[in-house]
There are 2 protein chains.
Amino acid sequence: MALIVQKYGGTSVGSVERIEAVADKVKAFHDQGHQLVVVVSAMSGETNRLIGLAKEIDHRPDPRELDVVVATGEQVTIGLLAIALRKRGLEARSYAGWQVRILTDGAHGKARILDIDTAALRADLEAGRIAVVAGFQGVDALGNVTTLGRGGSDTTAVALAAALGADECQIYTDVDGVYTTDPRVEARARRLPRITFEEMLEMASQGSKVLQIRSVEFAGKYRVPLRVLSSFQDGPGTLITFEEDDGVETPLVSGIAFNRDEAKVTLVGIPDCPGVAYRILGPIADANIEVDVIVQNVGVDGTTSLTFTVHRNDMERAAAILKGVARELGAREVLTDDRVAKVAIVGVGMRSHAGVAARMFKALAEENINIQMISTSEIKVTVVIEEKYLELAVRALHSAFDLDKVGEPAAVAVS
Amino acid sequence: MALIVQKYGGTSVGSVERIEAVADKVKAFHDQGHQLVVVVSAMSGETNRLIGLAKEIDHRPDPRELDVVVATGEQVTIGLLAIALRKRGLEARSYAGWQVRILTDGAHGKARILDIDTAALRADLEAGRIAVVAGFQGVDALGNVTTLGRGGSDTTAVALAAALGADECQIYTDVDGVYTTDPRVEARARRLPRITFEEMLEMASQGSKVLQIRSVEFAGKYRVPLRVLSSFQDGPGTLITFEEDDGVETPLVSGIAFNRDEAKVTLVGIPDCPGVAYRILGPIADANIEVDVIVQNVGVDGTTSLTFTVHRNDMERAAAILKGVARELGAREVLTDDRVAKVAIVGVGMRSHAGVAARMFKALAEENINIQMISTSEIKVTVVIEEKYLELAVRALHSAFDLDKVGEPAAVAVS
């Protein structure tokens, strides 16, 4: 008997039929003697419908009130799933975020979980009841409804698993695991039976879209065993592990991540002195714009340039903010480009192997793809390139690191 | 400056455009210097859609979970209206039932309000903010979401008006007031400029559908001045008063109420001894079936019959319960009939005038309409007739009591 937190995303609960299918799946686990907390998202399309209503009224709706509207999406699903479970003779009880309660800060639309009161859920589990919890939402200290932002249901599931000390947190989605890269771009992409937490983090931050990054951070922080698997087909999915496998051969590169939604902003000719980066990126952070890759090169003649990438939707806003900053700093100009994409190779194996970056640049050079920005971390090398070369770059790298060769030493070991 | 509680029903907030129109209306009141609490229902059709989803899963969904699902309807509207008000430069803040908090008992689907915490709303009003409250819903002492049952948004509005000591509670709906009878049945029906609380109570309980009966009871109990008016056209609506007008001539009959959704259940040949009515109606009440008209006639030969009416949806269930009771009591049989309707004349004037009932029976006799059951109260005479005669009966009575003659002494005085 294990304590399992399961999370079913919007597609998995996208219709009454699918909710019934989820109920069947949950029942099967319950029948095996497991204790279950089930986290659900809004039915697919519902969150967008609700945001659409709000935006019909106001292009930039008040964030507190938008959360009130949007949080109803998950509330419908928890009630419906609880009804479906009870129809199957199971004791089940639904919880909105405030009922659990999942305490968050007050950052509407992108709130962070501060604390979870597990008393009610534990009482349910001890009584053999299945708790059905609304993902993506919480309540702040003043009693306002908050949402965690897109994909936040994963975070809810992992946070609950951590708070309850669950044996496993299972994220059911419409894919059957984490792939070496997006199969829509490279048909030879393969499912990884396991991936390290750090690799997953880098994959997720690059837009692999399987798991929301904050949930992976959470899982890592609290050492929650996390498994990604499909709601629609049986299979072991991908287990996210915390240590590099002992005795299992480690691939150089586990996967190729990429992201199209990038835009590049450059400040040219800024003074090369302390505090400049902060004066540029401080106002950007204050405006709640998330910055991704940041590159600053060595200065020449006392001036330098700083380039960073943001989500395309934020580019205009970032540029507008920087106009003022550029004046103050005496910068030469602010350049923007929203036709860029980011590609990265990710793998814990590269820690102990030199030459991985060089092999990446060679593969791109052979395809005549110009590299605009380079950024590296211990287990990842990221490049920003012109968007039109994205698919070509992904396929070239997938092949260069032997990711399409099943059973090859360079590919991930099958457990 | 007055403190006004306004309530807008489902049709009034049935689309984004209509929510914007409500926001304009609210702004106009606010601009006049009034303090405002606005109660809203779910967008029209939404509650039925949500119930439909639940019933697709389970024909008889768990009541606690159904409330969780259904309560989202109003939550969407409060958020959208608050967004629309804020777009107009007004400070507005939405409240779900639990946020106010509106404490109810735990009778899911038909909960009663026990207490309202007005602290947050008062703080809003004092700060010049408009509070937007979800109608129809509350929270029980254990933190479960409850709903007050259909039409419960009116009750929420009146209860809030009472708790806040509001100067007026305005119920905006799709009709411009209370009519002498339903204009769809009698084209010559007229709007009543005012009606007494007691008459309104009797009209509402007869299915006049303008106001939910519990809200009228509440208004009477706490002496909340209540006004019914149209969201779509300007006009004074109908004011519900607490005293028979002084100096204004009182009509014999103010209106004709009726209800189609009735079914008749009769226990034939039950012992004519103390406690029998309770033994019959106790189990019905335990099953949460609301009984309307009850008639028991004088017994003959030690046995008698008892007939009562229930909502048609409850007839089968009531009959099933009575099968057992009938056996215990040695009753001869249980008869049911769901092709009946109820018609009533209502008027405080009949208190002081004899012969009103007789005039009613004469009017029905002239149309050859057989009366199956009769029940009377101080200001109302109710009959149950075969359903197919309903419209005919309403028109005959409307004319018999001169309700279609404007300015006639027998009709209500125009203030």
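I will try to describe carefully the structure that is included in this document. Bear in mind the structure is a predicted one, so any value in this text is a computation, not a measurement.

**Brief notes about the overall build of chain A**
A tally of helices and strands in chain A yields 13 helices and 20 strands. Its C-alpha atoms give chain A a radius of gyration of 23 Å, within 12% of the compact-globule value 22 Å for 415 residues. Along the first, second and third principal axes, the C-alpha atoms of chain A reach 75 × 55 × 35 Å. Across the 415 residues that make up chain A, the buried fraction comes to 49%. Long-range contacts, defined here as pairs at least 24 residues apart, represent 74% of the contacts in chain A between residues at least 6 apart.

**Notes on the packing of helix α2 (residues 46-57) of chain A against helix α4 (residues 72-87) of chain B**
Put simply, α2 of chain A and α4 of chain B touch, their axes get as near as 9 Å, and they point 25° apart. With respect to each other, α2 of chain A and α4 of chain B are oriented roughly parallel. For the pair α2 of chain A and α4 of chain B, the sense of crossing is right-handed. For the pair formed by α2 of chain A and α4 of chain B, the contact residues are Leu50, Leu53, Ala54 and Ile57 of chain A on the first element and Val76, Gly79, Leu80, Ile83, Ala84 and Lys87 of chain B on the second. Of the residues contributing to the contact of α2 of chain A with α4 of chain B, the split by class is eight nonpolar, one polar and one charged.

**Section: the pairing of strand β9 (residues 168-173) of chain B**
Within a regular strand, the side chains alternate between the two sheet faces. Residue and element names in this part refer to chain B. Counted residue by residue, β9 has five buried out of six residues, so it is predominantly covered. Pairing of strand β1 (residues 3-8) with β9, which is carried by five bridges, proceeds in the parallel orientation. The residue of β9 that forms the bridge with lysine 7 is isoleucine 171. Sheet analysis places β9 next to strand β13 (residues 226-230), joined by five bridges and oriented parallel. If you follow isoleucine 171 over to β13, its bridge partner there is valine 228.

**Observations regarding the relation of the copies chain B and chain A**
Two chain copies here: they are related by a rotation about an axis and a translation along the same axis. Placing chain B over chain A gives an RMSD of 0.2 Å and needs a rotation angle of 179°, together with 0.1 Å of translation along the axis. The symmetry that links the two subunits is that of a two-fold axis. Taking the C-alpha atom as reference, chain B places threonine 72 of chain B closest to the rotation axis, 2.8 Å from it. Interface overlap between copies: 100% of the residues of chain B at the interface are likewise at the interface in chain A, consistent with a symmetric, same-surface contact.

**Examining the environment of isoleucine 294 of chain B**
Within the fold, isoleucine 294 of chain B resides in strand β16 (residues 291-296). Spatially, the C-alpha atoms of isoleucine 294 of chain B and threonine 309 of chain B are 6.7 Å apart, while their sequence positions differ by 15 residues.

**Quick look at α4 of chain B**
Between its first and last C-alpha, α4 of chain B extends 23 Å over 16 residues, near the 22 Å set by a 1.5 Å rise per residue. In terms of burial, α4 of chain B is a largely internal element, 15 of the 16 residues being buried.

**Focus on the interface of chain B and chain A**
Residue-level contacts link 29 residues of chain B with 29 residues of chain A. Those elements giving two or more residues to the side of chain B that touches chain A turn out to be α1 (16-31), α2 (46-57), α3 (63-70) and α4 of chain B. Top element by residues in the side of chain B that touches chain A is α4 of chain B. It accounts for eleven residues. Broken down by class, the residue content of the side of chain B that touches chain A amounts to 16 nonpolar, six polar and seven charged.

**A closer look at the packing of helix α1 (residues 16-31) of chain A against helix α4 (residues 72-87) of chain A**
In a packed pair of helices, the relevant descriptors are the angle between the two axes and the axis-to-axis distance. Residues and elements named next belong to chain A. Between α1 and α4, whose axes approach to 9 Å, the crossing angle comes to 55°. Classed by the angle they form, the pair α1 and α4 counts as oblique. Relative to α4, the crossing made by α1 is right-handed. Two secondary-structure elements touch here, α1 through Ile19, Glu20, Val22, Ala23 and Val26 and α4 through Leu80, Leu81, Ala84 and Leu85. Among the residues making up the contact of α1 with α4, the classes are represented as eight nonpolar, no polar and one charged.

Conventions we followed
- Residues numbered from 1 in each chain as written.
- Chains lettered and ligands numbered in written order.
- Predicted model: local features only at pLDDT ≥ 70, side-chain atom pairs only at ≥ 80, totals over all residues.
- Helix = DSSP H or I, 4+ residues; strand = E, 2+ residues; numbered from the N terminus.
- Rg over C-alpha atoms; globule rule 2.2 N^0.38 Å.
- Buried ≥ 20, exposed ≤ 12 C-beta atoms within 10 Å, placed from the backbone.
- Contact = placed C-beta atoms within 7 Å.
- Axes fitted to C-alpha atoms, helices over the stretch in contact; angles between N-to-C directions.
- Parallel < 35°, antiparallel > 145°, perpendicular 65-115°, else oblique.
- Left-handed = near helix turned anticlockwise from the far one by under 90°.
- Nonpolar A, V, L, I, M, F, W, Y, C, P; charged D, E, K, R; others polar.
- Pairing = 2+ DSSP bridges.
- Least-squares fit on C-alpha atoms with pLDDT ≥ 70 in both.
- Expected span 1.5 Å × (residues − 1).

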